[in-house]
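# Residue-level structural notes
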Amino acid sequence: FEKEFTLIMIKPDGVRSGDSGKILARIEQEGFKIRAMKRVRLSLEQAQQFYSVHAARPFYGELCSFMASGPVVAAILERDNAVQHWRDVIGATDPAEAAPNTIRKLYAKSKGENAVHGSDSVENAKIEAAFFFSGLELAGQ
Ligand code: DAT
Ligand code: MG
């Protein structure tokens, strides 16, 4: 990619509530290029692997079963400052604390079911992109 990228997900609650289209429109309004995208349902084991950094946290079990409860939309988004810009667009983890007009303020229900994911660093964006997408899927992007 020419610019920075981040790995995002529309989580099962966002897909279930029919907000995927609005979130994808927001992605393009914010100047991101969608470089790869897929809709997949994670197994419990895959959710546990994706969130393994949180394995010791008390909410880990609940988080992983929620993430495996229905399909997610995963995408690689490219833009200047992609990681931080997406974190700004989604807002705080807890929608009650998220700024006005952020995706979590608009669409999330709770701290646990908060509509979207975003990588927290450029390094983790690479790891998370490789979790969802193969080199073949990214070739020619
Ligand atoms: P973020 O998704 O904003 O990067 P995180 O990495 O701290 O937040 O946590 C990952 C996910 O775990 C988060 O999106 C929702 C869930 N989670 C975090 N803190 C929680 C809590 N206190 N109670 C329930 N779920 C929580
Ligand atoms: Mg995080």
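Residues numbered from 1 in each chain as written. Chains lettered and ligands numbered in written order. Predicted model: local features only at pLDDT ≥ 70, side-chain atom pairs only at ≥ 80, totals over all residues. Heavy atoms only, no water.

Looking at an unreviewed UniProt entry, one finds the chain named Nucleoside diphosphate kinase and attributed to Turneriella parva. Per UniProt, the chain carries the Cofactor (unreviewed entry) text "Mg(2+)". Under Sequence similarities (unreviewed entry), UniProt gives the following word-for-word description of the chain: "Belongs to the NDK family." (UniProt positions renumbered as here; feature names shortened; annotations may be inferred.)

### Description of the nonpolar core
Met9, Tyr51, Met67, Ile76 and Phe132 are the most contacted members of the largest nonpolar core, which totals 21 residues. Of all the elements in the fold, those that place two or more residues in this core are strand S1 (5-10), helix H3 (44-50), helix H4 (60-67), strand S3 (72-78) and helix H7 (122-132). In terms of residue count, the dominant contributor to this core is H4 (five residues). For methionine 9, the residues in contact, after removing those within four places along its chain, are Phe50, Tyr51, Met67, Val72, Val73, Ala74, Ala115, Val116, His117 and Phe132. Ile23, Leu77, Val89 and Ala108 belong to the second-largest nonpolar core, a separate cluster that totals 18 residues. (Core = buried A, V, L, I, M, F, W, Y, C linked by side-chain atoms within 4.5 Å. Buried < 20%, exposed > 50% of the residue type's maximum accessible area, 1.4 Å probe, protein only. Helix = DSSP H or I, 4+ residues; strand = E, 2+ residues; numbered from the N terminus. Contact = heavy atoms within 4.5 Å.)

### So, the pattern of salt bridges
Within the structure shown, the criterion is met by four salt bridges. Where arginine 26 meets glutamate 30, a salt bridge forms, and the shortest distance between an N and an O atom there is 2.8 Å. (Salt bridge = Lys/Arg side-chain N within 4 Å of Asp/Glu carboxyl O.)

### Thoughts on the site of ligand 1
In the vicinity of ligand 1, the contacting residues are Lys11, Tyr51, His54, Phe59, Leu63, Arg87, Thr93, Arg104, Lys111, Gly112 and Asn114. Between an oxygen atom of ligand 1 and a side-chain N or O atom of lysine 11, the distance comes to 2.9 Å. Asparagine 114 has a polar side-chain atom sitting 2.9 Å from an oxygen atom of ligand 1. Expressed as a share of its isolated accessible area of 510 Å², the protein-covered part of ligand 1 is 79%. Taken together, the residues of the shell around ligand 1 sort by class into three nonpolar, four polar and four charged. (Near = heavy atom within 4 Å. Polar contact = N/O pair within 3.5 Å; in protein donor to acceptor, adjacent residues only side chain to side chain. Areas by Shrake-Rupley, 256 points an atom, 1.4 Å probe, with all protein chains shown as cover. Nonpolar A, V, L, I, M, F, W, Y, C, P; charged D, E, K, R; others polar.)

### Description of the UniProt feature "domain: Nucleoside diphosphate kinase-like" (unreviewed entry) in the chain
In the numbering used here, UniProt assigns the "domain: Nucleoside diphosphate kinase-like" (unreviewed entry) feature to residues 3-140. Its end C-alpha atoms 15 Å apart, residues 3-140 is made of 43% helix and 17% strand.

### Things to note about the sheet that holds S1
Reading across the sheet, the four strands line up as S2-S3-S1-S4 and stay open at both edges, with antiparallel pairing between neighbours. The open sheet terminates on both sides in strands that have one partner only, identified here as strand S2 (33-40) and strand S4 (116-118). In this sheet, neighbouring strand axes are inclined to one another by 15° on average, regardless of whether the strands run parallel or antiparallel. By the bridge criterion, seven bridges tie S2 to S3 in an arrangement that is antiparallel. Across the sheet, the residue bridging to lysine 33 is glutamate 78, located in S3. (Pairing = 2+ DSSP bridges. Axes fitted to C-alpha atoms, helices over the stretch in contact; angles between N-to-C directions.)

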